[in-house]
Amino acid sequence: MENMLEKVKYKGFIWPIVIGLIIWFTAGVRPAGVSVEAWHMLALFVATIIGCITQPLSIAGVTLIGFTLTVGTGLADMKTSLSAFSNSAAWLIAMAFMLSRGVIKTGLGRRIALYFVRLFGKRTLGLAYSIMGIDLVTSPAIPSNTARAGGVVYPIIESLARTFGSKTEDGTQRKMGAYLVFTEFHANLLTSALFMTAMAPNLVTAQLAGKLHVNLTWMGWFIAASVPVAICLAVVPWIIYKMYPPEIKETPNAKTWANKELADMGKMKLSEKIMGSVFILTLVLWMLSSIIGMDATFVAFLAISILLVTGVLSVNDLLHETGAWNVLIWLSVLVFMAGKLTEFGFIKWMSASIASGLHGVSWVVMLAVLAIVLFYSHYLFASATAHVSAMYAPFLAVAISAGAPAQMSAMLLAMITAVMASTTHYANGPASVLAGSGYVKQGDWWKMNFVLGIFYLLVIGIIGPLWMKVIGLW
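Below is a short write-up of the structure. What you see as residue numbers is a count from 1 along each chain, following the sequence as written. Side-chain atom pairs in this predicted model are given and counted only at pLDDT of 80 or more, local residue features only at pLDDT of at least 70, and totals for whole chains, interfaces and linings cover all residues. Side-chain metrics in this entry use all non-hydrogen atoms of the structure; hydrogen atoms and water are not considered.

Section: the pattern of salt bridges
- For salt bridges, the criterion is a side-chain nitrogen of Lys or Arg within 4 Å of an Asp or Glu carboxyl oxygen. Evaluated as defined, the whole model comprises 10 salt bridges.
- One salt bridge in this structure joins Glu-321 and Arg-101, with 2.7 Å as the shortest N-O distance. Here the residue Glu-321 occupies a position in the loop between helix H15 (315–319) and helix H16 (322–343), and Arg-101 occupies one in helix H5 (residues 88–105), the gap between them amounting to 220 residues.
- Residue Glu-321 is classed as buried on the basis of its relative accessible area of 12%. Only DSSP runs of H or I covering at least 4 residues are called helices, and only runs of E covering at least 2 are called strands; the numbering of each starts at the N terminus. Working definition: with a 1.4 Å probe on protein chains only, accessible area under 20% of the residue-type maximum means buried, over 50% means exposed, and in between means partly exposed.

Dropping the structure here:
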């Protein structure tokens, strides 16, 4: 019986409890204009976010405890609180996780990857762009950027690297593997910035923006991000190639290797054809959703229903997609708790206080400072979810209160939250997978990320607003 108990890292509860209690019991000296309810809600929210960082349990487990305490302390009633789990964005991302299971299960993701290698793999630089293409094509329907990096792309990279004699165990990482691994990490960051459904924290930003009456749609997100991200996608593999060159420059055998792997896979199966058709249908409907009035979450449910009816996915596949149920819980709860902070007036008070303290500073300077602080504060986080939940809404509220255009500010900060993982080897899931592979030394990882981080801030911070001006977001 003892061995059946789940492993809990009890030390991880220490900081959330201590800080949560300190905030809770200092309600008597809270700032003027902040209600007791708002202060207590802040205590629970901060404790929950810290718990998401220290992770005594999974993020879903931590947020469930936060939810329970919110109801148990009388800050919300049970009947109203359960409506948190009707959050359409949470269901959208959960269904997208299940869609991604079909892409991986059928082998379609691997087949697409091998086609890219066959087409663009004559040189190592071409291989890097093909790796980027794999992530780009699969990202709209695989909302776990960790699953894309670790489950679809990295196995291809490792196979290629070993084929050309680049291995972690014999010191030959720099032949090819290190370059491709580091390029994939940045491809993953950029595709995550391009599509709303490319990583789960994007839906957190969209929901938090909605609480501040800023509507971010799937197509609107894509259009706003398209130009700055396209520039980065075009340039970054070349920058890495110059900064961190592979020893092997020509890869004439890559096409042969890809052909052999495709031959081993055989002809495209019916399940792959169905999966590919549903994938395309889903993307088209997401793009047109705001025009034809079809809810994006309904589109995701429709796609899963088709895959169930055709037998591509089974009910057991859905039940075993733990990532989907995990994100459904934590996203619903974090948005609910952040909504209570807004409802109790804390976000409004905080943004007004910061804005008044910076009275006279133009919104352009304010937004630039907020973007830079948001980006570099990620050195303190190992979870994009925790970081976004803690800082996105207050920063956006401050920008808007300073006079910055709401829609443009929301998208600018959203893109920053996607690329801010360009900091450390523990910045997000893909960083853990790819840095942990052993191909890139930790010191190199930090130094090159620092350079590319500056590049992202310049492109997204300058080109982004100019492009959004062109398309009429402000």
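Next comes the rest of the description.
As for unusual backbone geometry
- Here Gln-55, not a glycine, exhibits a phi torsion of approximately 45°, which is positive.
- You can see Gln-55 is positioned in the loop between helix H2 (36–54) and helix H3 (59–72).
- With phi around 65°, His-213 is a residue other than glycine that occupies positive phi space.
- Relative to the elements of secondary structure, His-213 occurs in the loop between helix H10 (200–211) and helix H11 (218–243).

Remarks on the packing of aromatic side chains
- The aromatic pairing rule takes the rings of Phe, Tyr and Trp, using the six-membered ring of Trp, and pairs them if the centres are within 6.5 Å, calling planes under 30 degrees apart stacked, those over 60 edge-to-face and the rest tilted. With the rule as written, the count across this model stands at 18 aromatic pairs.
- Geometrically, the ring pair formed by Trp-91 and Trp-325 is edge-to-face, given 6.2 Å between the ring centres and 85° between the ring planes. Of this pair, Trp-91 sits in helix H5 while Trp-325 sits in helix H16, and the two are 234 residues apart along the sequence.
- Classification of Trp-91 as partly exposed rests on a relative accessible area of 24%.
- Judged by its relative accessible area of 30%, Trp-325 falls in the partly exposed class.
- Between Tyr-179 and Tyr-241, the ring centres sit 5.6 Å apart and the planes meet at 75°, which makes this aromatic pair edge-to-face.

Considering the layout of surface pockets
- Put plainly, a pocket is an open set of points on a 1 Å grid over the protein atoms alone with protein on both sides within 12 Å along at least five of seven lines, a cavity is a set where a 1.4 Å probe fits but cannot get out, and a lining residue has an atom within 4 Å of a point. Grid points are joined across faces, edges and corners, and a volume is the space filled by probe spheres set on the points. Computed from the structure, the largest pocket encloses a volume of approximately 580 Å³.
- Around the largest pocket, the lining comprises 32 residues; the ones closest to its centre are Ile-59, Asn-145, Thr-146, Thr-385 and Gly-429.
- Put simply, the parts of the chain that give the lining of the largest pocket at least two residues each are helix H8 (145–163), helix H9 (177–194), H10, H16, helix H19 (384–401), helix H20 (406–419) and helix H21 (429–435).
- With 4 residues, H16 is the largest single contributor of residues to the lining of the largest pocket.
- The class makeup of the residues in the lining of the largest pocket is 17 nonpolar, 15 polar and no charged. All residues other than Ala, Val, Leu, Ile, Met, Phe, Trp, Tyr, Cys, Pro, Asp, Glu, Lys and Arg, Gly among them, are scored as polar; the first ten of these are nonpolar and the last four charged.

What to know about the nonpolar core
- Ranked by internal contacts, the top residues of the largest apolar core, which has 168 residues, are Leu-216, Trp-286, Leu-331, Tyr-392, Val-440 and Tyr-456.
- In what follows, a contact means two residues having at least one pair of non-hydrogen atoms within 4.5 Å. Among residues more than four places away in sequence, those in contact with Val-440 are Ala-178, Val-181, Phe-182, Tyr-244, Ala-435, Trp-445 and Met-448. Remark: nonpolar core denotes a set of buried residues (Ala, Val, Leu, Ile, Met, Phe, Trp, Tyr, Cys) joined through side-chain atoms within 4.5 Å.

Remarks on the environment of Pro-405
- Position of Pro-405 relative to the elements: it lies in the loop between H19 and H20.
- In this structure the C-alpha to C-alpha distance between Pro-405 and Ala-386, which are 19 residues apart in sequence, comes to 25 Å.

Observations regarding the packing of H9 against helix H22 (residues 442–470)
- To get an axis, a line is fitted to the C-alpha atoms, and for a helix only the part in contact is used. The angle between two axes follows their N-to-C directions and goes from 0 to 180 degrees. Closest axis-to-axis distance for the H9/H22 pair is 12 Å, and the angle between their directions is 35°. Crossing of H9 against H22: the hand is right-handed. The segment H9 lies against H22, with Phe-182, Phe-185, His-186, Leu-189 and Leu-190 engaging Trp-445, Met-448, Asn-449, Leu-452 and Tyr-456.
- Here the residues of the contact of H9 with H22 are counted per class, giving 8 nonpolar, 2 polar and no charged. The crossing is said to be left-handed when, going from far helix to near helix, the turn is anticlockwise and less than a right angle, and right-handed when the turn is clockwise.

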